[in-house]
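So you can see what is in the structure, the chains are spelled out below.
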Amino acid sequence: MTHSQKPNNFIQQVINSDIESGDVSQVITRFPPEPNGYLHIGHAKSICVNFGLAEQYDGVCNLRFDDTNPEKEDQEYVDAIIEDVRWLGFNWQNDVCYASDYFDQLYSWAQFLITQNKAYICELNAEQMREYRGTLTQGGVNSPFRERPAAESLALLEQMKNGEIDEGRMTLRAKIDMASANINLRDPVMYRIKKMAHQRTGDRWNIYPSYDFAHGQEDAIEGVTHSICTLEFAANRPLYEWFVANLPLPSKPRQYEFGRLNLNYTVTSKRKLKQLVDEKHVEGWDDPRMPTISGLRRRGVSAQSIRDFCNSLAVAKTDGVVDMAQFEHFIRDDLNNNARRAMCVLDPLLVTLTNYGADKTEQFTAPGHPNRDDLGERRLPFTHQVYIDRNDFSEDSSLSRKKFKRLVIGDYVRLRSAYIIRADQVKRDASGEISEIIGSIVPDTVGQDAPEGIRPRGVIHWVSASSSADCTVKMYDRLFNKAAPDAGEGSFLDHINPESLRIIKGCKAEIGLASACAGEHYQFEREGYFTPDSKSSELVFNCTIGLRDNWNS
RNA sequence: UGGGGCGUCGCCAAGUGGUUAAGGCACCGGGUUUUGAUCCCGGCAUCGGAGGUUCGAAUCCUCCCGCCCCAGCCA
């Protein structure tokens with residue numbers, strides 16, 4: 001809806017010319033995840049590209065599971081992926097699609113190719129096949145089974161399908177060109193034996209189609225016009241086209257590749273993310289430090305900001321690494337506009353106001369948002385004892401006003417939406433640490449400018465000592481302390497940031513936060529954005545991201 | 001040493017022979033501010049390199065350099 005005059009990317013240019021030439025009347029795309037892990041921020045870009053294009057051209061985008069390898073796939077992933085795509089805000093008019101729904105059709109197309117003398121059953125084992133394939137610089141050698149009669153291949157394929165052949169003993173291969181400079185064309189495998197139950201087809205099949213033999217045909221069945229994938233599939237395109245050209249398909253889809261999203265200080269590889277989960281380096285796929293959609297959601301990152309970020313990215317053929325700061329900008333941008341404001345003291349230090357009645361309570365109001373009246377207002381009880389953050393107080397009165405805009409002994413500070421107060425003296429505990437500040441309010445300063453002669457150094461947040469909500473706050477830092485965790489020698493695991501999670505107990509939140517619910521976003525003023533943790537029964541807030549702070553100290 | 005793809009500001013990225021080479025992020029100044037936030041104003045590149053074509057090139061040609069992907073019965 002907020003489509004600016006952003007220039008067309010190369011795929012849009014292709015679509016425009018396809019529409020102009022009449023080759024395409026309705027744009028159909030698809031987002032084709034393999035259910036072998038949870039979706040991450042990189043997938044979000046692909047989702048936005050595919051669903052976004054369908055939306056822009058009044059077309060259709062299917063959510064289709066590329067479930068051709070039961071060895072790695074699981075229903076848990078299917079469910080999680082559907083939830084994540086929905087949460088991101090996308091819908092599809094067709095039912096969810098599955099490659100496994102096309103297994104029968106794929107099988108008969110395989111038979112067709114055999115009949116056409118364009119596929120054969122090969123009995124080379126994995127190692128032999130590798131040797132016969134040749135190398136990057138040397139062509140391969142034809143398989144001794146290459147000229148096997150079609151009738152024989154047909155019969156063997158049937159046996160493979162029926163479970164009469166052991167795994168690894170045979171494969172169905174396309175007969176293309178063992179001398180091709182493109183290794184993908186050196187008689188690629190179309191079917192391999194896997195005597196394994198599939199989450200959707202059960203034990204019906206003992207053979208499963210390879211990605212290359214399945215993907216283009218799935219697209220053709222669904223009438224996909226523009227099959228958009230990432231750069232690493234560019235070398236597979238000639239093979240994609242070979243199947244499209246040699247099979248009697250209902251449509252002729254075309255493949256286009258764009259650069260996947262890479263972010264620094266994190267990893268976006270399902271394999272690596274799964275390793276982090278399996279080896280318990282994180283709590284799970286939805287650990288708030290994970291770049292997964294579910295992790296980001298639990299962290300408090302909004303779907304809107306993920307979409308905004310993805311839409312800010314270029315759809316091009318360069319494979320760069322986007323700075324995390326660019327993502328963070330969009331996270332803050334949305335939260336700043338929409339998160340309700342609140343106050344929460346993370347490291348409470350008691351302040352007793354001696355000139356304020358010990359049993360007195362005033363109810364102050366503060367806006368839910370500084371410039372959005374529709375977010376209403378909140379009530380803040382004020383009492384003679386309040387908490388402020390330990391970091392907001394200093395005994396060093398030589399600190400310049402510019403350098404330290406907080407409370408200093410003998411000086412004034414504004415308590416946000418409340419009184420201006422002064423710190424008069426401190427109390428210490430046995431270890432010498434400050435245990436309490438004794439101070440006083442400046443009367444009649446609520447909602448009023450400071451009186452003549454009094455200049456508060458700044459504004460700090462606070463919470464009533466007798467009327468607040470106890471809570472725990474979880475602060476997160478980047479999961480890796482190296483910009484490119486998987487570059488160079490060693491494992492990406494060597495660069496895990498040991499301080500990526502900091503749990504702060506005993507925080508004091510303004511009383512209204514006692515009823516905060518998961519899914520809500522708050523800005524704790526002067527601190528950052530927080531969201532209640534969906535996995536906790538107690539009041540626990542996850543820090544989504546801190547506020548920008550431009551002051552160097 | 002094979003094939004495919006890519007190189008424009010610290011990062012992302014427009015640009016498709018004639019523009020002062022967009023924009024965003026980051027950064028640096030300044031203003032507003034009961035959040036050191038937000039917001040506002042301003043600053044910030046000659047296009048991987050070398051030749052060449054042209055009145056004129058980031059855009060065309062040549063050579064060179066660099067980076068990424070492909071040798072799973074993974075996707």
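Residues numbered from 1 in each chain as written. Chains lettered and ligands numbered in written order. Predicted model: local features only at pLDDT ≥ 70, side-chain atom pairs only at ≥ 80, totals over all residues. Heavy atoms only, no water.

Engineer: Looking at this structure, how should I read the packing of aromatic side chains?
Structural biologist: How two aromatic rings sit relative to each other is given by the distance of their centres and the angle of their planes. Going through the model one piece at a time under the given rule, you end up with 25 aromatic pairs. When the ring of Phe524 is compared with that of Phe530, the centres are 4.2 Å apart and the planes differ by 15°; the resulting orientation is stacked. Phe524 sits in the buried class, given a relative accessible area of 0%. Given a relative accessible area of 1%, Phe530 falls into the buried group. Every member of this aromatic cluster is reached through a ring pair, and the members are Phe103, Tyr107, Tyr191, Trp205, Tyr208, Phe213, Trp242 and Phe243. It is Lys272 that lies over the ring of Phe492; its NZ or CZ is 5.8 Å from the centre. It is Arg297 that lies over the ring of Trp87; its NZ or CZ is 5.1 Å from the centre. (Phe/Tyr/Trp six-rings, centres within 6.5 Å; stacked < 30°, edge-to-face > 60°. Buried < 20%, exposed > 50% of the residue type's maximum accessible area, 1.4 Å probe, protein only. Lys NZ or Arg CZ within 6 Å of the ring centre and 35° of its normal.)

Engineer: Is there a simple way to think about the confidence of the model for chain A in this case?
Structural biologist: When pLDDT is low, close inspection of the predicted coordinates is not appropriate. Scored by pLDDT, chain A comes out at a mean of 96, with 99% of its residues at no less than 70. Predicted as a complex, the structure gets a pTM of 0.96 and an ipTM equal to 0.96. (pLDDT = per-residue confidence, 0-100.)

Engineer: What exactly am I supposed to notice about the nonpolar core here?
Structural biologist: Considering soluble globular proteins, one finds that nonpolar side chains tend to be buried as a cluster. Of all hydrophobic cores here, the largest spans 38 residues; its most connected members are Ile41, Val85, Ile306, Phe309 and Phe327. Of all the elements in the fold, those that place two or more residues in this core are helix 2 (41–56), strand 2 (60–65), helix 3 (75–88), helix 10 (293–299), helix 11 (303–312) and helix 12 (324–338). Sorting elements by how many residues they give to this core places helix 2 first, with 6 residues. Among the domains, domain 1 (24–258) and domain 2 (263–341 + 471–545) are the pair contributing at least three residues each to this core. Ignoring sequence-local partners within four residues, the contact set of Ile306 consists of Ile41, Ala44, Trp87, Leu88, Leu296, Val301 and Phe327. Grouped together as the second largest cluster of nonpolar side chains are 36 residues, Leu106, Ala119, Tyr191 and Ala214 included. (Core = buried A, V, L, I, M, F, W, Y, C linked by side-chain atoms within 4.5 Å. Helix = DSSP H or I, 4+ residues; strand = E, 2+ residues; numbered from the N terminus. Domains from an automatic or database assignment. Contact = heavy atoms within 4.5 Å.)

Engineer: Explain the pairing of strand 27 (residues 540–546) to me, please; I cannot follow it from the model alone.
Structural biologist: Successive residues of a regular strand alternate their side chains across the two faces of the sheet. Buried residues dominate strand 27, accounting for 6 of its 7 residues. Taken together, the 3 bridges between strand 23 (residues 468–476) and strand 27 define a ladder with parallel strand orientation. Opposite Thr472, over in strand 27, you have Val540 as the bridge partner. Inspection of the sheet shows strand 26 (residues 528–532) paired to strand 27 by 5 bridges, in the antiparallel sense. Counterpart to Thr531 in the pairing with strand 27 is Asn542. (Pairing = 2+ DSSP bridges.)

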